[in-house]
Amino acid sequence: MNRREILKGSTALAAAAAAGIKPASAQAPIVIKLSHVVAIDAPKGKASEKFKELAEKYTNGKAKIEVYPNSSLYKDKEELEALQLGAVQLLAPSTAKFGPLGFTEFDALDLPFIFHDGAAFKKFATSDLSKQMFTKLETKGVKGLAYWDNGFHVMAANRQIRNVKDFQGLKLRIQGSKVLDATTKAWGAIPQVMAFSEVYQALQTGVVDGLENVPSNIWTQKFFEVVKYIAVSHHAHLSYAVVANKKYWEALPADVRPGLEKAMAEASDYFASIAQQENDEALEAIKKTGKVQVYPLTSEERRSWLQAVLPVHKEMENRIGKDVIDALYKIVDFRPDA
Ligand code: LMR
């Protein structure tokens, strides 16, 4: 999609509002489009619906939230362009999608094995570093509203991967982050950047042999139908940043924005309360289908994955900034042997 096509997807109201123009009639609700790429019943899909419900309630109907799930409006890369152009007002992309826009600090969150548990991610999400990253987004018209923690990645593939040698020649779908590219190569696999909405077919037709993701996405996108093995590796983390078009958000009327902020805070709590459980349940549901062999890694196997990709941390210093990586290490108490 080019710039003109992206803009064509916007309503006149959204485009006008992005330019700071209020609706002519005081009765007309402000329409806010929220676009995302996952299923309605994935944690992000559910939290988006929760935001809609609460936002409409807290603004007494002055705001109407239109949620566009499952890449139905825009795919990954397009949605960020659309947000900057004002064709959509809210998104909740994974932080891995910000690097390609020039926000390379966010790539730090994809460093392999950087978070050893959910508490470590929470420390980041409430740190000054996370705020600085949001401030950086504002330089390109994007306003960060919340970080959402969607848990740890597993590795789904059409072959069993236990030791690093098993990655050799495997075509792995990755998100756009350069860290993921380097990590995949360090394992000896072949990275292929691809939009989330294209993954099922790519797995089905053998364009790729596997992908890393969280169980709730593997379940709700039915990727389990087109892979044979899942290594419960928890080698990386899936974090989201809920973001708005800055100009639009800041121009919202005083009787609307506080209601949206309250709704966002509560939708974020709701997301935090369901994500882990949904991932656990999804993994169980996948096992129950009997279609996929789900296996944990031994600590020795996991260590072999870790050792192969630790050099990526150093390799990425130039791109991410050594200061950012060092700050993150400190915040999350990074212990590569853990
Ligand atoms: C992906 O593109 O792999 C996922 O991050 C999609 C999502 O938003 O969970």
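## Notes on the packing of aromatic side chains
Taken as a whole and judged by the stated rule, the model has 15 aromatic pairs. Geometrically, the ring pair formed by Phe196 and Phe223 is edge-to-face, given 5.7 Å between the ring centres and 85° between the ring planes. Of the two residues, Phe196 is situated in the loop between β7 (190-193) and α8 (199-204) and Phe223 in the loop between α9 (215-220) and β9 (229-232); the sequence distance between them amounts to 27 residues. Aromatic rings pair up to connect Phe115, Phe121, Phe124, Phe134 and Tyr147 into one cluster. In this structure, Lys140 packs its charged tip against the face of Phe103, placed 5.4 Å from the ring centre.

## What about the layout of surface pockets?
One way to see where empty space is left: roll a probe the size of a water molecule over the atoms. In this structure, the largest pocket occupies an estimated 320 Å³ of space. Contributing to the lining of the largest pocket are 17 residues, with Lys122, Tyr147, Trp148, Asp149 and Ala272 lying nearest its centre. Looking at the lining of the largest pocket, the element that brings in the most residues is helix α11 (residues 257-289), giving seven residues. When grouped by side-chain class, the residues that make up the lining of the largest pocket number seven nonpolar, seven polar and three charged.

## A short note on helix α5 (residues 118-125)
Those residues of α5 that fall on the buried side of the exposure criterion are Ala120, Phe121 and Phe124. Each buried residue of α5 sits inside an arc of 100° when the element is viewed along its axis, so together they form one side.

## A few points about the site of the ligand
Close contacts around the ligand come from Val37, Val38, Lys44, Ser94, Lys97, Arg173, Gln175, Phe196, Asn213, Asn217, Leu238 and Tyr240, and that covers them all. Between the ligand and Arg173, the relevant distance is 2.6 Å, taken from an oxygen atom to a side-chain nitrogen or oxygen of the residue. Interatomic distance of 3.1 Å between a side-chain N/O atom of Gln175 and an oxygen atom of the ligand. Starting from 270 Å² of accessible surface for the ligand in isolation, the protein chains cover 100%. Placement of the ligand is best described as lying within the largest cavity. For the shell around the ligand, the class distribution of residues is five nonpolar, four polar and three charged.

## Considering the sheet that holds strand β1 (residues 30-35)
The strand order β2-β1-β3-β10-β4 describes an open sheet built from five strands, whose pairing is mixed. Each end of this open sheet is capped by a strand with a single partner; those strands are β2 (63-68) and β4 (142-152). Bridge analysis of β1 against β2 gives six bridges, and the strand direction is parallel. Residue pairing across strands places Val31 opposite Lys64, the latter belonging to β2.

## Observations concerning the packing of α5 against helix α14 (residues 322-332)
Between α5 and α14, whose axes approach to 8 Å, the crossing angle comes to 125°. It follows from the interaxial angle that α5 and α14 lie oblique. Note on packing geometry: the crossing formed by α5 with α14 is right-handed. Of the residues in α14, those in contact with Ala120, Lys123 and Phe124 of α5 are Leu328, Ile331 and Val332. Among the residues forming the contact of α5 with α14, the class breakdown is five nonpolar, no polar and one charged.

## Side note on the confidence of the model for the protein
The share of residues in the protein with pLDDT of 70 or more is 92%, and the mean pLDDT across the chain is 93. The low-confidence segment residues 6-21 (pLDDT under 50) makes 29 contacts with residues lying over four places distant or belonging to another chain.

## So, unusual backbone geometry
Of note in the backbone geometry, Phe113 takes a positive phi value of approximately 65° without being a glycine. Secondary-structure assignment places Phe113 in the loop between β3 (90-91) and α5. Accessibility expressed as a relative area gives 9% for Phe113, which makes it buried. With phi around 45°, His234 is a residue other than glycine that occupies positive phi space. Note on placement: His234 falls in the loop between β9 and β10 (237-245).

About the thresholds
Throughout, residues of each chain are indexed from 1 in the direction in which the sequence is written. The predicted nature of this model means local features are confined to residues of pLDDT at least 70 and side-chain atom pairs, given and counted, to a pLDDT of 80 or more, with totals for whole chains, interfaces and linings taken over all residues. Calculation of side-chain values draws on the structure's entire complement of heavy atoms; hydrogens and water are dropped beforehand. Only Phe, Tyr and Trp rings take part, Trp by its six-membered ring, and two of them pair if their centres are within 6.5 Å. Stacked means planes under 30 degrees apart, edge-to-face means over 60, and tilted covers everything else. In DSSP terms, a helix is any run of H or I states spanning at least four residues, a strand is any run of E spanning at least two, and both are numbered starting from the N terminus. A ring is considered to have a charge above it if a Lys NZ or an Arg CZ atom is located within 6 Å of its centre and within 35 degrees of its normal. The method works on a 1 Å grid over the protein atoms by themselves. A cavity is a set of points holding a 1.4 Å probe that cannot get out, a pocket is an open set with protein on both sides within 12 Å along at least five of seven lines, and residues with an atom within 4 Å of a point line them. Grid points are joined across faces, edges and corners, and a volume is the space filled by probe spheres set on the points. We call Asp, Glu, Lys and Arg charged. Ala, Val, Leu, Ile, Met, Phe, Trp, Tyr, Cys and Pro are nonpolar, and the rest, Gly among them, are polar. Classification of residues uses two cut-offs on accessible area relative to the type maximum, computed with a 1.4 Å probe and protein chains only: under 20% is buried, over 50% is exposed, and between them is partly exposed. To obtain the arc, one takes the directions from the helix axis to the C-beta atoms. The criterion for a residue being near a molecule or strand is simple. One of its heavy atoms has to lie within 4 Å of it. Polar contact criterion, stated in full: a pair of N or O atoms within 3.5 Å, where within protein one must be able to donate a hydrogen and the other to accept it, and residues adjacent in sequence count only if both atoms are side-chain atoms. Each accessible area value is a Shrake-Rupley result obtained with a 1.4 Å probe; residue values ignore everything except the protein chains displayed when judging cover. Whether a molecule lies in a cavity or pocket depends on its atoms, and more than half of them have to be within 2 Å of the grid points. One requirement defines pairing of two strands: DSSP has to find at least two bridges between them. The angle between two axes is taken between their N-to-C directions and runs from 0 to 180 degrees, where each axis is a line fitted to C-alpha atoms and a helix contributes only its stretch in contact. Roughly parallel covers angles under 35 degrees, roughly antiparallel covers those over 145, roughly perpendicular covers 65 to 115, and oblique covers all other angles. Note on convention: near helix rotated counterclockwise from far helix by under a right angle means a left-handed crossing. Clockwise means right-handed. Residue contacts are counted whenever heavy atoms from the two residues lie within 4.5 Å of one another. Each residue gets a pLDDT score, which is the predictor's confidence in that residue and runs from 0 to 100.

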